[in-house]
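Each chain, letter by letter, is given below.
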Amino acid sequence: MSAAPRYDAVLFDLFTALLDSGPLWREVAGSAAAGASWREESSRVAYSTGPYRPFLETVAQAARLAGVPPTRAADLLRGMGERLGPWPEAPAVLRRLSERARIGVVTNCSEELGQRAAGRVGVRFDTVVTAEAAGAYKPRPEPYRLALERLSVQPSRALFVAGSPGDIAGARGAGMDVCWHNRLRLPLGEREPPLAELDSLEPVLALASAES
C-alpha cells in the first residue's frame, strides 16, 4: 500500500525554477556580466515594488540600474515569450508530478507574458498566477495566496519550488513548505534555509510524493 501524498499541490517559480532564461539575459544585455547584473536588478526592483506596475517598466528600470539600454527591455520580454526553453528534465518531472498533485506557476510578470512563457515549459498547468493578476509582485503574499485559492488548497498542503533566494521567504510567509531549485548556485545569504536545496528538479518528485 503506497504512502499518502505529502502535498496536494506543487507550485513553481517560472523564469528560474522551470525555464533556462540565463542565455537570453546575456544575449540581450550584450555580455554575461551585464546580463547577470540586469537580471539581479530586475529581481530586486520587482521584489521592492510591491503593488503591481507594468512589468516592462520594472525591467527597463533595472536595465538603467545595470547600465543596459532600457530600450532592450522590450526585446528581452519578447524573447521570454517566444524563445525560452525548460530545463532538460522539467517536462518529464512535471508530467509525472501532475499524476499525483496539482501543479501551478507563480511568476513576477504580466499576464500575457506569464501565460505565453508557461506554455514554453511544454506541460499543462492547473493554474498560472502572474503578478499582474494578483495585483502585487512576489514576495508579497498576494500571488502565492491567489494560486492556493485557485487550486482550493490549504498552504500546509502545498510545496513551493523557488528559483531564487528572495522567493523562499515569500512562499514560506504564505504558509507553504519551500524547496529551492538552485541550479545557478546562488548564495543564500542570511536567509533562513529552505526545506531542501536542489540542483535539479528530479528530487521534487520524492519531496512531493510521500510522507516523510
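As a starting point, this report considers the structure included with it. Being a predicted model, the structure only gives us computed values, none of them experimental.

In this section: the sheet that holds strand β2 (residues 102-107). With parallel pairing, six strands are arranged side by side in an open sheet as β3-β2-β1-β4-β5-β6. The strands lining the two open edges of the sheet, one partner per strand, are β3 (127-130) and β6 (196-198). Within the sheet, the average angular offset between the axes of one strand and its neighbour, ignoring direction, is 20 degrees. Sheet contacts for helix α9 (residues 165-173): β4 (158-162) and β5 (177-181); angle to β5, the most-contacted strand, approximately 170 degrees.

Here we come to helix α5 (residues 90-98). Buried residues of α5: A90, P91, V93, L94 and L97, and no others. When α5 is viewed along its axis, its buried side chains cluster within an angular range of 165 degrees and face the same direction. Those residues of α5 that are buried are in contact with β1 (9-12), β2 and α10 (203-209).

This brings us to the packing of helix α2 (residues 32-49) against helix α3 (residues 55-66). Contact geometry for α2 and α3: axes closest at 8 Å, N-to-C directions at 130 degrees. Taken together, α2 and α3 sit at an angle that is classed as oblique. The two elements α2 and α3 meet at a crossing, and its hand is right-handed. Facing S37, W38, E41, S42, R44, V45 and T49 of α2, the residues of α3 in contact are T58, V59, Q61, A62, A63, L65 and A66. In the contact of α2 with α3, the residues fall into seven nonpolar, five polar and two charged.

Our focus in this paragraph is the pairing of β2. The buried count for β2 comes to five of six residues, which makes it a mostly enclosed element. Direction of pairing for β1 relative to β2: parallel, over a ladder of four bridges. Its bridge partner lying in β2, A9 is registered against R102. The pairing of β2 with β3 spans four bridges and is parallel. Along β3, the bridge assignment pairs V106 with V129. In this fold, the crossover linking β2 to β3 by way of helix α6 (residues 111-119) has right-handed handedness.

W38, F125 and V204 are the most contacted members of the largest nonpolar core, which has 56 residues in total. Considering each element in turn, this core owes the most residues, six residues, to α3. When sequence neighbours within four positions are dropped, the list of residues in contact with V204 reads V10, F12, L97, L159, V161, C179 and L198. Counting 21 residues, the second-largest nonpolar core is a separate cluster that includes L11, A147, A171 and A174.

Thresholds, definitions, all that
- Residues numbered from 1 in each chain as written.
- Predicted model: local features only at pLDDT ≥ 70, side-chain atom pairs only at ≥ 80, totals over all residues.
- Heavy atoms only, no water.
- Pairing = 2+ DSSP bridges.
- Helix = DSSP H or I, 4+ residues; strand = E, 2+ residues; numbered from the N terminus.
- Axes fitted to C-alpha atoms, helices over the stretch in contact; angles between N-to-C directions.
- Contact = heavy atoms within 4.5 Å.
- Buried < 20%, exposed > 50% of the residue type's maximum accessible area, 1.4 Å probe, protein only.
- Arc of directions from axis to C-beta.
- Parallel < 35°, antiparallel > 145°, perpendicular 65-115°, else oblique.
- Left-handed = near helix turned anticlockwise from the far one by under 90°.
- Nonpolar A, V, L, I, M, F, W, Y, C, P; charged D, E, K, R; others polar.
- Right-handed = clockwise from strand over helix to strand, strands pointing away.
- Core = buried A, V, L, I, M, F, W, Y, C linked by side-chain atoms within 4.5 Å.

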